[in-house]
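# Inside the fold
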Amino acid sequence: MLFMGTYTPKLDEKGRLFLPAKFRDRLAEGLVVTQGQDKCLVVWPTDVFAEEAERASARPMTNRAARNYARVLFAGGDESTPDKQGRVGIPAHLRDYAGLERDVVVIGVRDRLEIWNPTSWREFQAAALLEFADLDEDED
């Protein structure tokens, strides 16, 4: 299943996110929420996170960038399973990292979801769309 689309669910008073309905079956067996780049959170299906963990482990720990990536990926991660209503708890340290309050933006990005603060998403999207418009089809 490819994760696609943009959704605007809300966090409840306990910091739980209602996952978009179309993604709940894919995430029902479990998921991992981690810090992402650009101050967003990444929601990985457990099996996809395992593949990412393998990729991170394959890089030499003598490489500073590899060590830093592994530290960020694993230290802030939270493994969970959605409840029967399709909610998943987002720990306070992850909500703080991404600046999440009640309103959030969830986007599908191929094999994962990203959770954004709405203002951060609008700013990122505006800049990314300008870059997208300038892409040269002949570049590799």
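Every residue gets a number counted from 1 within its own chain, in the order that chain's sequence is written. Selection of residues for local features in this predicted model requires a pLDDT of at least 70, selection of side-chain atom pairs for listing and counting requires 80 or more, and totals for whole chains, interfaces and linings are taken over all residues. Heavy atoms from the whole structure form the basis of all side-chain values; hydrogens and water molecules are not counted.

### Details of the overall build of the chain
Counting from the N terminus, the helices are the DSSP runs of H or I reaching at least four residues and the strands are the DSSP runs of E reaching at least two. Across its full length, the chain carries five helices and eight strands. Reading the secondary structure of the chain in the N-to-C direction produces β-β-α-β-β-α-α-β-β-α-β-β-α. In terms of overall dimensions, the chain has a C-alpha envelope of 45 × 35 × 30 Å along the principal axes. Among the 140 residues that make up the chain, the fraction classed as buried is 39%. We call two residues in contact when some of their heavy atoms are within 4.5 Å. In the chain, the share of contacts with a sequence separation of at least 24, taken over all contacts with a separation of at least 6, comes to 59%. As displayed, the chain has an accessible area near 8,700 Å², and 50% of this comes from carbon and sulfur atoms. When charges are counted, neither His nor the chain ends are considered; positive counts come from Lys and Arg and negative counts from Asp and Glu. Charge placement uses NZ in Lys and CZ in Arg. For Asp and Glu, CG and CD serve respectively. Side-chain charges of the chain comprise 19 positive and 25 negative groups, with the mean position of each set lying 8 Å from the other. For every residue, the accessible area obtained with a 1.4 Å probe (protein chains only) is divided by the maximum for its type, and the residue is called buried under 20%, exposed over 50%, and partly exposed between those limits. Surface accessibility in these figures is a Shrake-Rupley result with a 1.4 Å probe; residues are shielded only by whichever protein chains are displayed.

### A few points about the UniProt feature "domain: SpoVT-AbrB" (unreviewed entry) in the chain
On the UniProt side, "domain: SpoVT-AbrB" (unreviewed entry) is annotated at positions that read residues 6-48 and 77-120 here. Its end C-alpha atoms 20 Å apart, residues 6-48 is made of 16% helix and 35% strand. Secondary structure content for residues 77-120 is 23% helix and 36% strand, while the C-alpha to C-alpha distance between its ends is 21 Å. UniProt positions are given in the numbering used here, feature names are shortened, and annotations may be inferred rather than shown by experiment.

### As for the layout of surface pockets
To find leftover empty space, a probe the size of one water molecule is rolled over the atoms. Using only the protein atoms, space was sampled on a 1 Å grid; points where a 1.4 Å probe fits but cannot get out form cavities, open sets with protein on both sides within 12 Å along at least five of seven lines form pockets, and lining residues are those with an atom within 4 Å of a point. Grid points are joined across faces, edges and corners, and a volume is the space filled by probe spheres set on the points. Of the voids in this model, the largest pocket is the one considered here, and its volume is about 480 Å³. Considering the residues around the largest pocket, the lining is formed by 24 residues, among which Gln37, Cys40, Val42, Arg112 and Glu114 are closest to the centre. Looking at the lining of the largest pocket, the elements with two or more residues in it are strand E3 (31-35), strand E4 (41-45), helix H2 (46-58), helix H3 (64-75), strand E7 (105-109), strand E8 (112-116) and helix H5 (118-133).

### Section: H3
Spanning 12 residues, H3 covers 16 Å between terminal C-alpha atoms, matching the ideal 16 Å at 1.5 Å per step. Every buried residue of H3 is accounted for by Ala66, Ala70 and Leu73. Along the long axis of H3, the arc covered by the buried residues comes to 70°, so they all point the same way. H3 presents Arg64 and Ala75 as exposed residues on the side facing more than 90 degrees away from its buried surface. Among the structural elements, E3, E4 and H2 are those in contact with the buried residues of H3. Polar contacts here mean pairs of N or O atoms no more than 3.5 Å apart (in protein, one a potential hydrogen donor and the other a potential acceptor; neighbouring residues in sequence count only if both atoms are side-chain atoms). Measuring from the backbone nitrogen of Ala65 back to the side-chain oxygen at the start of H3 gives 2.9 Å, which picks out Asn63 as the cap. Expected span of a helix: the number of residues minus one, times 1.5 Å. The arc in question is traced by the directions running from the helix axis to the C-beta atoms.

### Looking at the side chain of Asp12
Here Asp12 shows up in the loop between strand E1 (6-7) and strand E2 (16-18). By relative accessible area, Asp12 is classed as buried at 12%. Within the structure, Asp12 has its side chain in polar contact with the side chain of Arg16 (distance 2.6 Å). Ignoring sequence-local partners within four residues, the contact set of Asp12 consists of Arg87 and Arg102.

### Some points on the packing of aromatic side chains
In summary, the pairing rule links any two rings of Phe, Tyr or Trp, Trp by its six-membered ring, whose centres are within 6.5 Å, and it sorts them by plane angle into stacked for under 30 degrees, edge-to-face for over 60 and tilted for everything else. By the definition in use, this model includes seven aromatic pairs. Ring centres 5.4 Å apart and planes at 85° place the aromatic pair Tyr7 and Phe23 in the edge-to-face group. Here Phe23 lies in the loop between E2 and helix H1 (24-27) and Tyr7 lies in strand E1, a separation of 16 residues in the sequence. Tyr7 gets classed as partly exposed once you look at its relative accessible area, which sits at 22%. Plain terms: the ring middles of Phe49 and Phe74 are 5.8 Å apart, the flat faces sit at 80° to each other, and that makes the pair edge-to-face. Linking Phe49 in helix H2 with Phe74 in helix H3, this pair joins segments that are 25 residues apart in sequence. Judged by its relative accessible area of 40%, Phe74 falls in the partly exposed class.

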